[in-house]
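# Fold and contact review
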Amino acid sequence: PGGFLSKASVFRAVDGVSINLRQGQTIGIVGESGSGKSTLGRALLRLTHANGRITFEKKDITGLDRKAMRPLRRRLQLVFQDPYGSLSPRQTVGEIITEGLFVHEPQLTRAERDKRAIEALKEVGLDPAARNRYPHEFSGGQRQRIAIARAIILKPDVVVLDEPTSALDRSVQGQVIDLLRELQKTHGLSYIFISHDLSVIKAISDYVIVMKDGKIVEEGETDAIFNAPTADYTKTLIKSAFTADVAA
(Lines give C-alpha, C1' and ligand atoms only; values in the text may rest on other atoms or scores of the structure.)
Protein backbone atom coordinates (compact mmCIF):
# COMPACT_ATOMS: atom_id res chain seq x y z
CA PRO A 1 0.00 0.00 0.00
CA GLY A 2 1.06 3.59 -0.59
CA GLY A 3 0.98 4.76 3.03
CA PHE A 4 3.76 6.54 4.90
CA LEU A 5 4.18 3.54 7.20
CA SER A 6 2.22 0.41 6.42
CA LYS A 7 1.99 -3.19 7.53
CA ALA A 8 0.08 -6.35 6.72
CA SER A 9 0.88 -9.00 9.29
CA VAL A 10 -0.18 -12.48 10.31
CA PHE A 11 1.23 -13.70 13.61
CA ARG A 12 0.13 -14.92 17.01
CA ALA A 13 -0.58 -11.71 18.89
CA VAL A 14 -1.88 -9.77 15.88
CA ASP A 15 -3.66 -11.47 13.03
CA GLY A 16 -4.33 -10.09 9.55
CA VAL A 17 -3.86 -6.41 10.44
CA SER A 18 -3.16 -3.76 7.81
CA ILE A 19 -2.34 -0.13 8.61
CA ASN A 20 -1.53 2.86 6.42
CA LEU A 21 -0.15 5.92 8.20
CA ARG A 22 0.11 9.20 6.31
CA GLN A 23 2.54 11.99 7.10
CA GLY A 24 1.13 14.32 9.76
CA GLN A 25 -1.63 11.87 10.70
CA THR A 26 -2.46 10.33 14.07
CA ILE A 27 -3.83 6.80 14.09
CA GLY A 28 -5.26 5.78 17.44
CA ILE A 29 -5.21 2.09 18.31
CA VAL A 30 -7.60 1.21 21.12
CA GLY A 31 -8.50 -2.00 22.87
CA GLU A 32 -8.52 -3.71 26.22
CA SER A 33 -5.40 -5.24 27.78
CA GLY A 34 -4.24 -8.23 25.73
CA SER A 35 -5.88 -7.00 22.52
CA GLY A 36 -2.52 -6.94 20.71
CA LYS A 37 -2.26 -3.18 20.26
CA SER A 38 1.17 -2.77 21.91
CA THR A 39 2.53 -5.79 20.04
CA LEU A 40 1.35 -4.23 16.80
CA GLY A 41 3.07 -0.94 17.62
CA ARG A 42 6.37 -2.67 18.34
CA ALA A 43 6.08 -4.81 15.22
CA LEU A 44 5.66 -1.70 13.10
CA LEU A 45 8.99 -0.44 14.42
CA ARG A 46 10.64 -3.83 13.87
CA LEU A 47 11.13 -4.26 17.63
CA THR A 48 9.11 -7.48 17.64
CA HIS A 49 9.37 -10.27 15.09
CA ALA A 50 6.40 -10.56 12.77
CA ASN A 51 5.46 -12.23 9.53
CA GLY A 52 4.11 -9.92 6.86
CA ARG A 53 5.35 -6.79 5.13
CA ILE A 54 6.28 -3.43 6.60
CA THR A 55 7.00 -0.50 4.31
CA PHE A 56 8.33 2.95 5.15
CA GLU A 57 8.08 5.62 2.47
CA LYS A 58 7.30 2.86 -0.05
CA LYS A 59 10.48 0.95 0.85
CA ASP A 60 10.10 -2.58 2.19
CA ILE A 61 11.95 -2.69 5.54
CA THR A 62 10.68 -6.10 6.63
CA GLY A 63 13.87 -8.01 5.90
CA LEU A 64 16.42 -5.41 6.94
CA ASP A 65 19.00 -6.60 9.45
CA ARG A 66 20.01 -4.67 12.55
CA LYS A 67 22.74 -2.72 10.77
CA ALA A 68 20.48 -1.76 7.87
CA MET A 69 17.72 -0.68 10.28
CA ARG A 70 20.01 1.58 12.32
CA PRO A 71 19.68 4.67 10.06
CA LEU A 72 15.90 4.29 10.21
CA ARG A 73 15.79 4.04 14.01
CA ARG A 74 16.30 7.78 14.26
CA ARG A 75 13.23 8.37 12.11
CA LEU A 76 11.02 5.81 13.88
CA GLN A 77 10.79 6.54 17.60
CA LEU A 78 8.92 5.02 20.55
CA VAL A 79 7.65 6.70 23.71
CA PHE A 80 6.94 4.20 26.47
CA GLN A 81 4.02 3.94 28.86
CA ASP A 82 5.82 4.33 32.17
CA PRO A 83 7.53 7.71 32.73
CA TYR A 84 8.93 6.33 35.98
CA GLY A 85 10.51 3.17 34.61
CA SER A 86 11.66 4.31 31.16
CA LEU A 87 14.22 6.89 32.36
CA SER A 88 17.50 5.78 33.90
CA PRO A 89 17.79 7.11 37.47
CA ARG A 90 21.58 7.15 37.15
CA GLN A 91 21.66 9.60 34.25
CA THR A 92 20.93 13.31 34.19
CA VAL A 93 18.08 14.48 32.01
CA GLY A 94 20.62 15.88 29.56
CA GLU A 95 22.39 12.53 29.30
CA ILE A 96 19.07 10.72 28.80
CA ILE A 97 17.77 12.87 25.98
CA THR A 98 21.10 13.13 24.12
CA GLU A 99 21.92 9.42 24.31
CA GLY A 100 20.55 8.73 20.84
CA LEU A 101 22.68 11.49 19.34
CA PHE A 102 25.84 9.51 20.11
CA VAL A 103 24.51 6.70 17.89
CA HIS A 104 22.79 8.62 15.13
CA GLU A 105 24.80 11.85 14.95
CA PRO A 106 28.23 10.94 16.33
CA GLN A 107 29.86 13.88 14.56
CA LEU A 108 28.26 16.39 16.95
CA THR A 109 30.46 18.09 19.48
CA ARG A 110 29.58 18.22 23.16
CA ALA A 111 28.47 21.85 22.76
CA GLU A 112 26.26 20.94 19.80
CA ARG A 113 24.63 18.09 21.74
CA ASP A 114 24.02 20.45 24.65
CA LYS A 115 22.42 22.98 22.30
CA ARG A 116 20.12 20.28 20.93
CA ALA A 117 19.18 19.25 24.47
CA ILE A 118 18.28 22.85 25.35
CA GLU A 119 16.14 23.15 22.21
CA ALA A 120 14.35 19.83 22.89
CA LEU A 121 13.59 20.73 26.51
CA LYS A 122 12.19 24.10 25.47
CA GLU A 123 10.00 22.39 22.88
CA VAL A 124 8.41 20.13 25.50
CA GLY A 125 7.87 23.00 27.91
CA LEU A 126 10.67 22.33 30.39
CA ASP A 127 13.35 24.65 31.73
CA PRO A 128 16.64 23.91 29.93
CA ALA A 129 18.31 23.90 33.36
CA ALA A 130 16.48 20.59 33.89
CA ARG A 131 19.19 18.86 31.85
CA ASN A 132 21.50 18.97 34.87
CA ARG A 133 18.99 17.27 37.18
CA TYR A 134 17.87 13.65 37.64
CA PRO A 135 14.51 12.04 36.77
CA HIS A 136 13.44 11.47 40.41
CA GLU A 137 13.28 15.25 40.84
CA PHE A 138 10.37 15.54 38.42
CA SER A 139 6.65 14.75 38.45
CA GLY A 140 5.12 12.05 36.25
CA GLY A 141 3.96 14.57 33.67
CA GLN A 142 7.37 16.20 33.55
CA ARG A 143 9.06 12.81 33.16
CA GLN A 144 6.83 12.02 30.22
CA ARG A 145 7.85 15.34 28.67
CA ILE A 146 11.48 14.27 29.13
CA ALA A 147 10.69 10.97 27.36
CA ILE A 148 9.08 12.91 24.51
CA ALA A 149 12.14 15.19 24.31
CA ARG A 150 14.34 12.09 24.04
CA ALA A 151 12.32 11.05 20.98
CA ILE A 152 12.02 14.40 19.20
CA ILE A 153 15.67 15.41 19.64
CA LEU A 154 16.41 12.91 16.85
CA LYS A 155 13.98 14.68 14.51
CA PRO A 156 11.89 11.58 13.74
CA ASP A 157 9.13 11.20 11.16
CA VAL A 158 7.03 8.63 13.04
CA VAL A 159 6.50 8.30 16.79
CA VAL A 160 4.73 5.32 18.32
CA LEU A 161 3.27 6.32 21.69
CA ASP A 162 2.44 3.28 23.80
CA GLU A 163 -0.05 4.30 26.53
CA PRO A 164 1.91 7.52 27.13
CA THR A 165 -0.75 9.10 29.36
CA SER A 166 -2.03 6.08 31.32
CA ALA A 167 0.10 6.83 34.41
CA LEU A 168 -0.99 10.48 34.51
CA ASP A 169 -4.06 12.16 35.98
CA ARG A 170 -6.67 13.72 33.70
CA SER A 171 -5.43 17.32 33.82
CA VAL A 172 -1.86 16.27 33.06
CA GLN A 173 -3.07 13.95 30.29
CA GLY A 174 -4.68 16.96 28.61
CA GLN A 175 -1.45 18.94 28.84
CA VAL A 176 0.56 16.11 27.27
CA ILE A 177 -1.98 15.72 24.44
CA ASP A 178 -1.82 19.47 23.75
CA LEU A 179 1.99 19.23 23.66
CA LEU A 180 1.90 16.29 21.24
CA ARG A 181 -0.48 18.17 18.95
CA GLU A 182 1.79 21.22 18.94
CA LEU A 183 4.89 19.13 18.16
CA GLN A 184 3.01 17.37 15.38
CA LYS A 185 1.98 20.68 13.86
CA THR A 186 5.51 22.11 14.11
CA HIS A 187 7.39 19.10 12.75
CA GLY A 188 4.83 17.29 10.57
CA LEU A 189 5.09 14.22 12.80
CA SER A 190 3.04 11.08 12.26
CA TYR A 191 1.79 9.33 15.40
CA ILE A 192 0.56 5.88 16.22
CA PHE A 193 -1.12 6.42 19.56
CA ILE A 194 -1.87 3.26 21.54
CA SER A 195 -4.26 3.42 24.48
CA HIS A 196 -7.07 1.64 26.30
CA ASP A 197 -8.54 5.09 27.13
CA LEU A 198 -11.15 6.06 24.57
CA SER A 199 -11.40 9.68 25.72
CA VAL A 200 -7.67 10.16 25.05
CA ILE A 201 -7.94 8.38 21.68
CA LYS A 202 -10.88 10.60 20.73
CA ALA A 203 -8.97 13.75 21.69
CA ILE A 204 -5.85 13.12 19.61
CA SER A 205 -6.66 10.75 16.73
CA ASP A 206 -7.62 11.44 13.14
CA TYR A 207 -8.31 7.75 12.50
CA VAL A 208 -9.16 5.00 14.98
CA ILE A 209 -8.53 1.26 14.92
CA VAL A 210 -10.40 -0.84 17.48
CA MET A 211 -8.68 -4.14 18.35
CA LYS A 212 -9.84 -7.25 20.17
CA ASP A 213 -7.97 -10.54 20.50
CA GLY A 214 -5.31 -9.48 18.00
CA LYS A 215 -7.74 -8.51 15.26
CA ILE A 216 -9.28 -5.29 14.01
CA VAL A 217 -12.92 -5.15 15.03
CA GLU A 218 -13.64 -1.78 13.47
CA GLU A 219 -11.76 1.17 12.00
CA GLY A 220 -12.52 4.56 10.51
CA GLU A 221 -12.35 8.31 10.92
CA THR A 222 -12.56 9.35 14.56
CA ASP A 223 -15.95 11.08 14.31
CA ALA A 224 -17.48 8.11 12.53
CA ILE A 225 -16.20 5.63 15.13
CA PHE A 226 -17.43 7.63 18.11
CA ASN A 227 -20.67 8.97 16.64
CA ALA A 228 -21.81 5.94 14.65
CA PRO A 229 -19.95 2.75 15.67
CA THR A 230 -21.10 -0.38 13.89
CA ALA A 231 -19.44 -3.18 15.88
CA ASP A 232 -21.08 -4.28 19.13
CA TYR A 233 -17.66 -4.43 20.82
CA THR A 234 -16.95 -0.79 19.92
CA LYS A 235 -20.37 0.28 21.16
CA THR A 236 -19.74 -1.48 24.47
CA LEU A 237 -16.31 0.12 24.88
CA ILE A 238 -17.65 3.60 24.16
CA LYS A 239 -20.66 3.22 26.43
CA SER A 240 -18.51 1.92 29.25
CA ALA A 241 -15.82 4.60 28.85
CA PHE A 242 -18.05 7.63 28.66
CA THR A 243 -20.50 6.43 31.30
CA ALA A 244 -17.50 6.09 33.61
CA ASP A 245 -16.37 9.63 32.70
CA VAL A 246 -19.78 11.06 33.52
CA ALA A 247 -19.88 9.14 36.81
CA ALA A 248 -16.42 10.37 37.74
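Whatever comes next refers back to the structure up there.
Below or above, wherever it landed, is the structure these notes cover. (Residues numbered from 1 in each chain as written. Predicted model: local features only at pLDDT ≥ 70, side-chain atom pairs only at ≥ 80, totals over all residues. Heavy atoms only, no water.)

This paragraph deals with the nonpolar core. Counting residues in hydrophobic clusters, the biggest one holds 46 residues, and the most contacted among them are Ile97, Val124, Ile148, Leu180 and Leu183. In this view, Leu180 contacts Ile148, Leu161, Tyr191, Phe193 and Ile204; residues no more than four positions away in its chain are not counted. Residues Ile19, Leu78, Val160 and Ile194 belong to the second largest nonpolar core, which totals 21 residues. (Core = buried A, V, L, I, M, F, W, Y, C linked by side-chain atoms within 4.5 Å. Buried < 20%, exposed > 50% of the residue type's maximum accessible area, 1.4 Å probe, protein only. Contact = heavy atoms within 4.5 Å.)

In this model, the largest pocket occupies a volume close to 420 Å³. Considering the residues around the largest pocket, the lining is formed by 16 residues, among which Arg73, Gln77, Leu78, His104 and Leu154 are closest to the centre. Take the lining of the largest pocket: its biggest share by element is five residues, from helix α3 (residues 93-104). Taken together, the residues that form the lining of the largest pocket break down as ten nonpolar, three polar and three charged. Forming the boundary of the second largest pocket are Thr92, Gly94, Glu95, Thr98, Phe102, Arg110, Arg113, Asp114, Ala117, Arg131 and Asn132. At the level of secondary structure, the elements contributing two or more residues to the lining of the second largest pocket comprise α3 and α4 (110-123). (1 Å grid on protein atoms, 1.4 Å probe; cavity = no way out; pocket = protein on both sides within 12 Å on 5 of 7 lines; lining within 4 Å. Points joined across faces, edges and corners; volume = space filled by probe spheres on them. Helix = DSSP H or I, 4+ residues; strand = E, 2+ residues; numbered from the N terminus. Nonpolar A, V, L, I, M, F, W, Y, C, P; charged D, E, K, R; others polar.)

Another point: the environment of Tyr84. If you trace the backbone, Tyr84 turns up in the loop between β6 (76-79) and α3. Each C-alpha atom, one on Tyr84 and one on Ser139, is 9.1 Å from the other, the two residues being 55 residues apart in sequence. Beyond its immediate chain neighbours, meaning those up to four positions away, Tyr84 contacts Gly140 and Arg143.

Attention shifts here to the side chain of Arg145. By the secondary structure assignment, Arg145 is in helix α5 (residues 140-152). The side chain of Arg145 sits in the buried core without any salt bridge; Asp178 is the nearest counter-charge, 7.8 Å away. In terms of polar contacts, Arg145 uses its side chain to reach the backbone carbonyl oxygen of Val124, at 2.7 Å. The contact partners of Arg145, leaving out residues within four places of it in the chain, are Val124, Gly125, Leu126, Gln175 and Leu179. (Lys, Arg positive; Asp, Glu negative; His and termini not counted. Salt bridge = Lys/Arg side-chain N within 4 Å of Asp/Glu carboxyl O. Polar contact = N/O pair within 3.5 Å; in protein donor to acceptor, adjacent residues only side chain to side chain.)

Moving on, we come to the packing of aromatic side chains. For the structure shown, the criterion picks out zero aromatic pairs. We note Lys212 situated over the ring of Tyr233; from NZ or CZ to the ring centre the distance is 5.6 Å. (Phe/Tyr/Trp six-rings, centres within 6.5 Å; stacked < 30°, edge-to-face > 60°. Lys NZ or Arg CZ within 6 Å of the ring centre and 35° of its normal.)

Of the pairings in the sheet, the one linking strand β9 (residues 207-212) to strand β10 (residues 215-221) comprises six bridges and is antiparallel in character. Bridging from a neighbouring strand, Lys212 pairs with Lys215 of β10. (Pairing = 2+ DSSP bridges.)

Moving on, we come to the environment of Glu105. Inspection of the secondary structure puts Glu105 in the loop between α3 and α4. Along the sequence, Glu105 and Leu154 sit 49 residues apart, while their C-alpha atoms lie 8.7 Å from each other. Setting aside chain neighbours within four positions, we find Glu105 in contact with Gly100 and Arg116. Only 2.7 Å separates the side chain of Glu105 from the side chain of Arg116, close enough to count as a polar contact.

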